[in-house]
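# What the coordinates show
One-letter residues, chain by chain:
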Amino acid sequence: LVESSNGVDYKFFKKMDEEYEVEKEYLEIINNGKINICYYGALAKWFDYETLKVSLDKIEKIEYQLIGPAIDKVDKQGIIYHGPVSKSALGEMVKDCDCLVMPFQVNEIVSYVDPVKLYEYIAMGKCIVSVYYPEIERFKDFVYFYKDREEYVRLLQELVENGVPVKYTKMQQE
């Protein structure tokens, strides 16, 4: 028996931001002088909005850019919804973001997921923050993990103070 985990077409993610131009409105939103934290994908019941809301109350220098279909939404200043975009548009939209997040509520389903999203995030070469669960332990050299809201806020404050550094090297990324 051989286990084969997910992966990503690294060259696609490196190339796609060269082939798409974002709308002027998006550039005005993202060039706001704040640390832009991005998530892309479905926004549904597993998405931990409460953690984002708490972090916005505690850290004034951040703003969230959420890209994807929003099945569930919250209304909070600092959370901006962009709706679904084509895969080819993602690279350009994420290029100006400072940090990529995966703020999931860990439940019976999520705890066994090997998220393609983390492979894609690494290919984009950004600082990455994710809730921790054992299935994603192998990403520890690439991802800053947190276990609860308080730890997320502390971690994000530290990352913001230090310029949201990427945890991995270019060699590790490739």
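Keep in mind it's a predicted model, so treat the numbers as computed, not measured.

### Digging into helix α5 (residues 116-124)
For α5, a buried count of eight out of nine residues is recorded, marking the element as mostly surrounded by other parts of the structure. All of the buried residues in α5 are Lys117, Leu118, Tyr119, Glu120, Tyr121, Ile122, Ala123 and Met124. Where α5 terminates, the next one or two residues include Gly125, which has phi positive at roughly 70°.

### As for the packing of aromatic side chains
Scanning the entire structure with this criterion turns up nine aromatic pairs. Consider the rings of Phe142 and Tyr168, whose centres lie 5.4 Å apart with planes at 45°: the pair is tilted. Of this pair, Phe142 sits in the loop between β5 (127-131) and β6 (144-146) while Tyr168 sits in the loop between α6 (149-161) and α7 (170-173), placing them 26 residues apart in sequence. Both residues of the pair, Phe142 and Tyr168, count as buried. Positioned above the aromatic ring of Tyr81 is the side chain of Lys73, whose terminal nitrogen or guanidinium carbon lies 4.8 Å from the ring centre. A cation over a ring is seen here: Lys147 above Tyr132, with NZ or CZ 5.4 Å from the ring centre.

### Digging into the environment of Ile71
By secondary structure assignment, the location of Ile71 is in the loop between β2 (62-67) and β3 (79-83). Ile71 gets classed as exposed once you look at its relative accessible area, which sits at 63%. Between the alpha carbons of Ile71 and Leu43 there is a distance of 5.8 Å; along the sequence they are 28 residues apart.

### Regarding the state of the cysteines
Two cysteines whose sulfur atoms are joined by a covalent bond form what is called a disulfide. Evaluation of the coordinates by the stated rule reveals zero disulfides. With no disulfide partner, Cys38 has as its closest neighbouring cysteine sulfur the one in Cys97, 4.0 Å distant. Given the relative accessible area of 0%, Cys38 is considered buried.

### Here's the deal with the sheet that holds β5
Here six strands make up an open sheet; going across it, the order is β3-β2-β1-β4-β5-β6 and the pairing parallel. The open sheet has two edge strands, β3 and β6, and neither has a second partner. Between one strand and the next, the sheet's axes are offset by a mean angle of 25°, whatever the strand orientation. Where strand β1 (residues 35-40) meets β2, six bridges bridge the pair, whose relative direction is parallel. From the neighbouring strand, Cys38 faces β2, where its bridge partner is Gln65. Against the sheet, helix α3 (residues 49-58) touches β2, β3 and β6, its axis set at about 155° to β2. Sheet strands in contact with helix α4 (residues 87-95) are β1, β2, β3 and β4 (99-102), and its direction is about 160° off that of β1.

Conventions we followed
- Residues numbered from 1 in each chain as written.
- Predicted model: local features only at pLDDT ≥ 70, side-chain atom pairs only at ≥ 80, totals over all residues.
- Heavy atoms only, no water.
- Buried < 20%, exposed > 50% of the residue type's maximum accessible area, 1.4 Å probe, protein only.
- Helix = DSSP H or I, 4+ residues; strand = E, 2+ residues; numbered from the N terminus.
- Phe/Tyr/Trp six-rings, centres within 6.5 Å; stacked < 30°, edge-to-face > 60°.
- Lys NZ or Arg CZ within 6 Å of the ring centre and 35° of its normal.
- Disulfide = S-S within 2.5 Å.
- Pairing = 2+ DSSP bridges.
- Axes fitted to C-alpha atoms, helices over the stretch in contact; angles between N-to-C directions.
- Contact = heavy atoms within 4.5 Å.

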